[in-house]
Amino acid sequence: MTNLFEENAYIKEIKTKIKSLDMENNAVELENTVFYGKSGGQPGDIGQIIIDGRKIEVKDTLKDKNSIINILEDIGGIIIGQTVIARIDWQRRYKYMRMHSALHLMCATIPLGVTGGQIGYEKSRLDFNDPDKQINKEELEIKINNLLSKDNEITYEYIDSKILDNKPELVRTMSVKPPKIDGKLRFVKIGTIDFQPCGGTHVKSTNEIGPIKIGKIENKGKMNRRVNILLND
Ligand SMILES: [Zn+2]
């Protein structure tokens, strides 16, 4: 299976075939896919699978080791090997791409350990180990918006996972293990601002994110200062 979103997060639709079926869970696996499987705090894609003009809703997409599994509203009549059009809900996915890249910028702006995170449609968040309450809402908003006002290119690099033996600080999240494929880690690079292993989908440039707002900063325990971020649209 080729996960096309890893190289190019902007592909909205492809023609492919049904690779496997799981009748019990209304689940299918495609030969190639554009659907992102829920992982690393990013929700799975929803969308449609179209077979001979019949549109079947994809209710969720999960990740199972290296497989991407689509949960369908109805699996009846589908057979292995059938040609399908796989189409993601682009509006929703694009919002998640902008949110995910914005969270990387927040992470780069705050020099503290990340203890958790979640990407959402209305707002996203990162949790930081901030016992001394160093994070200042107004300052943070200005710093991130300053980075967003410039065209910082976002690119991917595949590097031997052994790099982490010498540079463990490259992993910013204390709670999520970066996905490893064939001994390699996918790194997301934002200009000269941020460089960290991540399997998620991102925009091509920071200028696609637009100005952000920092929402509530909540105290969720000693190691969890929760910072919410919102997009302008
Ligand atoms: Zn990420």
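Residues numbered from 1 in each chain as written. Predicted model: local features only at pLDDT ≥ 70, side-chain atom pairs only at ≥ 80, totals over all residues.

**Some details on the overall build of the protein chain**
Piece 1. The helix and strand inventory of the protein chain stands at 3 helices and 16 strands.
Piece 2. Here the C-alpha radius of gyration of the protein chain, 19 Å, is about what a compact globule of 233 residues would show, namely 17 Å.
Piece 3. Taken along its principal axes, the extent of the C-alpha atoms in the protein chain is 60 × 40 × 35 Å.
Piece 4. Per-residue burial over the protein chain gives 31% buried out of 233 residues.
Piece 5. Within the protein chain, contacts between residues at least 6 apart in sequence are counted, and of these 64% link residues at least 24 apart. (Helix = DSSP H or I, 4+ residues; strand = E, 2+ residues; numbered from the N terminus. Rg over C-alpha atoms; globule rule 2.2 N^0.38 Å. Buried ≥ 20, exposed ≤ 12 C-beta atoms within 10 Å, placed from the backbone. Contact = placed C-beta atoms within 7 Å.)

**Structural notes on the domain arrangement of the protein chain**
Piece 1. For the protein chain, the domain assignment lists domain 1 (2-88) and domain 2 (93-231).
Piece 2. Computed from C-alpha coordinates alone, the two centres of domain 1 and domain 2 are separated by 27 Å.
Piece 3. Of the residues in the side of domain 1 that touches domain 2, the class split is 5 nonpolar, 5 polar and 2 charged. (Domains from an automatic or database assignment. Nonpolar A, V, L, I, M, F, W, Y, C, P; charged D, E, K, R; others polar.)

**A closer look at the sheet that holds strand S15 (residues 212-219)**
Piece 1. A sheet is described by the order of its strands in space; here 4 strands give the open sequence S9-S10-S16-S15, paired in antiparallel fashion. Across the chains shown, the open sheet's two edge strands, defined by having one partner strand only, are strand S9 (114-118) and S15. Each strand of the sheet is rotated relative to its neighbour by a mean of 20°, with strand direction disregarded.
Piece 2. Bridge analysis of strand S10 (residues 124-128) against strand S16 (residues 225-231) gives 5 bridges, and the strand direction is antiparallel. In the strand pairing of S16, serine 124 is matched with isoleucine 229.
Piece 3. Here helix H1 (residues 90-109) sits on the sheet and contacts S9, S10, S15 and S16; the angle it forms with S16, its principal contact strand, is near 135°. (Pairing = 2+ DSSP bridges. Axes fitted to C-alpha atoms, helices over the stretch in contact; angles between N-to-C directions.)

**Describing the nonpolar core**
Burial of nonpolar side chains together is a common tendency in soluble globular proteins.
Piece 1. Judged by nonpolar contacts, the single largest core of 41 residues is most densely connected at Phe35, Ala102, Leu103, Met106, Leu126 and Ile229.
Piece 2. Taken together, domain 1 (2-88) and domain 2 (93-231) each give at least three residues to this core, which thus spans both.
Piece 3. Not counting residues up to four positions away in its chain, the partners in contact with leucine 103 are Gly117, Ile119, Ser124, Leu126 and Ile229. (Core = buried A, V, L, I, M, F, W, Y, C linked by C-beta atoms within 7 Å.)

**Remarks on unusual backbone geometry**
Piece 1. Although it is not a glycine, lysine 65 sits at a positive phi angle of roughly 55°.
Piece 2. Mapped onto the elements, lysine 65 comes out in the loop between strand S6 (54-64) and strand S7 (67-72).
Piece 3. Looking at lysine 65, the number of C-beta atoms within 10 Å reads 5, which means it is exposed.
Piece 4. A positive phi angle, close to 50°, is found at lysine 133, a residue other than glycine.
Piece 5. For lysine 133, the position within the fold is in the loop between S10 and helix H2 (137-148).

**Some words on the sheet that holds strand S2 (residues 13-22)**
Piece 1. The antiparallel closed barrel is built from 6 strands, whose spatial order is S2-S3-S7-S6-S5-S8. Taking the axes of each pair of neighbouring strands and ignoring which way they run, one obtains an average angle of 45° across the sheet.
Piece 2. The pairing of strand S5 (residues 47-51) with strand S8 (residues 83-88) spans 4 bridges and is classified as antiparallel. Note on S8: the bridge partner recorded for glycine 47 is isoleucine 88.

**Concerning the pairing of strand S3 (residues 27-30)**
Looking along a regular strand, one sees side chains alternate from face to face of the sheet.
Piece 1. Burial along S3 is one-sided: the face carrying Val28 and Leu30 is buried and the face carrying Ala27 and Glu29 is not.
Piece 2. As judged from the 4 bridges shared by S2 and S3, these two strands associate in the antiparallel manner. Bridged to serine 20 within S3 is glutamate 29.
Piece 3. What sits between S2 and S3 in their antiparallel hairpin is a turn of 4 residues, with asparagine 26 showing a positive phi close to 55°.
Piece 4. For S3 and S7, the ladder comprises 3 bridges, and the chain directions are antiparallel. What sits directly across from glutamate 29, in S7, is isoleucine 69.

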